[in-house]
Amino acid sequence: MRVLYFAWVRERIGLAEEDVSPPREVTTVGDLIAWLAARGEGYAEAFARPATIRAALDKTHARLESSIATAREIAFFPPMTGG
Amino acid sequence: MRVLYFAWVRERIGLAEEDVSPPREVTTVGDLIAWLAARGEGYAEAFARPATIRAALDKTHARLESSIATAREIAFFPPMTGG
Amino acid sequence: MRGFTVRVQAAPFDTAAEEALLTDGRRDIGAVVTFIGLCRDEAGTLAALELEHYPDMAEAEIARVAEEALARWPLQGLTIIHRHGVIKPGEKIVLVAAAARHRGEAFAAAEFLMDYLKTQAPFWKKEHRADGAAGGWVEAKAKDDAAAARWRR
Amino acid sequence: MRGFTVRVQAAPFDTAAEEALLTDGRRDIGAVVTFIGLCRDEAGTLAALELEHYPDMAEAEIARVAEEALARWPLQGLTIIHRHGVIKPGEKIVLVAAAARHRGEAFAAAEFLMDYLKTQAPFWKKEHRADGAAGGWVEAKAKDDAAAARWRR
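Small disclaimer: the values here were computed from a predicted structure and weren't measured.

### Things to note about the relation of the copies chain D and chain C
Mapping chain D onto chain C leaves a residual RMSD of 0.0 Å; the transformation is a rotation of 180° accompanied by 0.0 Å of translation along its axis. Considering both components of the superposition, the chain copies are consistent with a two-fold axis. Counting the interface residues of chain D, we find that 100% of their copies in chain C are interface residues as well, pointing to one common contact surface.

### A short note on the pattern of salt bridges
By the definition in use, this model includes 42 salt bridges over all chains. One salt bridge connects Asp41 of chain D with Arg27 of chain C, and the closest N-O pair in it is separated by 3.4 Å. Taken together, the residues span two chains, with Asp41 of chain D in the loop between β2 (31-38) and β3 (46-53) and Arg27 of chain C in the loop between α1 (15-23) and β2 (31-38). Asp41 of chain D gets classed as buried once you look at its relative accessible area, which sits at 13%. Look at Arg27 of chain C and you get partly exposed, because its relative accessible area is 42%. Between Glu42 of chain C and Arg40 of chain C there is a salt bridge, with its nearest N and O atoms 2.9 Å apart. Using a relative accessible area of 30% as the deciding quantity, one classes Glu42 of chain C as partly exposed. Assessed through its relative accessible area of 16%, Arg40 of chain C is described here as buried. When salt bridges that share partners are traced, they join Arg103 of chain C together with Glu111, Asp115, Asp144 and Arg150 of chain D into one network.

### Points about the arrangement of the chains
Contact analysis covers three pairs of chains in contact, and the most contacts occur between chains C and D. Spatially, chain A is disjoint from chain C: no contact exists, and the shortest C-alpha separation is 10 Å. Nowhere do chain B and chain D come into contact; their C-alpha atoms are at least 10 Å apart.

Here is what the cut-offs are and how they apply
Residues numbered from 1 in each chain as written. Chains lettered and ligands numbered in written order. Predicted model: local features only at pLDDT ≥ 70, side-chain atom pairs only at ≥ 80, totals over all residues. Heavy atoms only, no water. Least-squares fit on C-alpha atoms with pLDDT ≥ 70 in both. Contact = heavy atoms within 4.5 Å. Salt bridge = Lys/Arg side-chain N within 4 Å of Asp/Glu carboxyl O. Helix = DSSP H or I, 4+ residues; strand = E, 2+ residues; numbered from the N terminus. Buried < 20%, exposed > 50% of the residue type's maximum accessible area, 1.4 Å probe, protein only.

Worth remembering: the numbers are spatial, not functional.
Quick look at the structure:
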């Protein structure tokens, strides 16, 4: 599963993207955030406040409770500030 | 007193502007409309429905009850359709 | 705010040039909302619109409405151009361009100005029909009065 | 309606050219509302904005929002351009141009699109400060969420 990070999520983790293989019990976006947050200091910092994290599954906005079962690409980023 | 007519008010009266000298008892825009309406067939037609007539005193929007005492130029026209 | 520009003219105008006049050299503007009103051919039935206006009052009334917009919103630039005379389908009739720090102010000011121009600026449209038959004066719309009324406080 | 145009690009864009693409040769458009968002220098403290974006999702999300605008209002043309990369004060960041028969639809669609782009399009602004100090990521504004929320039905 490909995971992408943007903006300060990317900066805190120190990676723009990576492949991860979470265990089977990680079934939702929220589960994946909790699992990633345990991978190290940068991850813990990036995901410290889940309310400030947005996610997309295969380039479509998703929620914490969305299932990641069929997703090939998951992205995490802060609230958007375009326009 | 200079009077100007625009759009279908002008067409019905057959004049774009004229000088008029209403009697002293004509003190408001509404009085002037009534006095002008009696001047002939075109005027009567132009002012047949006072609710559809707008007026300006010296190039500022006015009401039927506005005093014409100090006005040098009075204009009559239909509701505006610019923009 | 550095004043505003109002022009009433028969000649066409250049939207890009007006936008450049508002924004060139500026680094404090965050949003520009530009409205352009064009002549529609009404499914081929309209040959042209003829816009009659009340010279001097047209400029004065647009300036009055512009001052009201500036009193309501912190604009950083404002241009209003209204044409008169014969205008063919596809040609531009009116331009309102409002510059501000934030988009909400620019949108509100531009929409307010258009609603007020429609009902307060002394212009009258006459239709020239494509089939040569006598065209009539465009009637004022209750919808436009309602649009202007919502800004009253 | 003849579809819409969405572009996500690093290069500057030309407002006049985009407007011409929307309106040239058309005789059925009555109103065009164009929004331009520009980079402000924040009273001289900002050297540039750096816009990070999520390629492909940016285009897809803007297209999704454009489709929603077309479902809500009878538009006759729609162009949305959003830049990414380093953008200096005074430069344009985003353009939304909506063409319709009547002004109310064009104004509403343009404002809706901007409110949604601000909160739904995957772009993130980082500030580069004029004094060379480390700039931060621009924080999302509650005001922008509120602006987007008012369109929900």
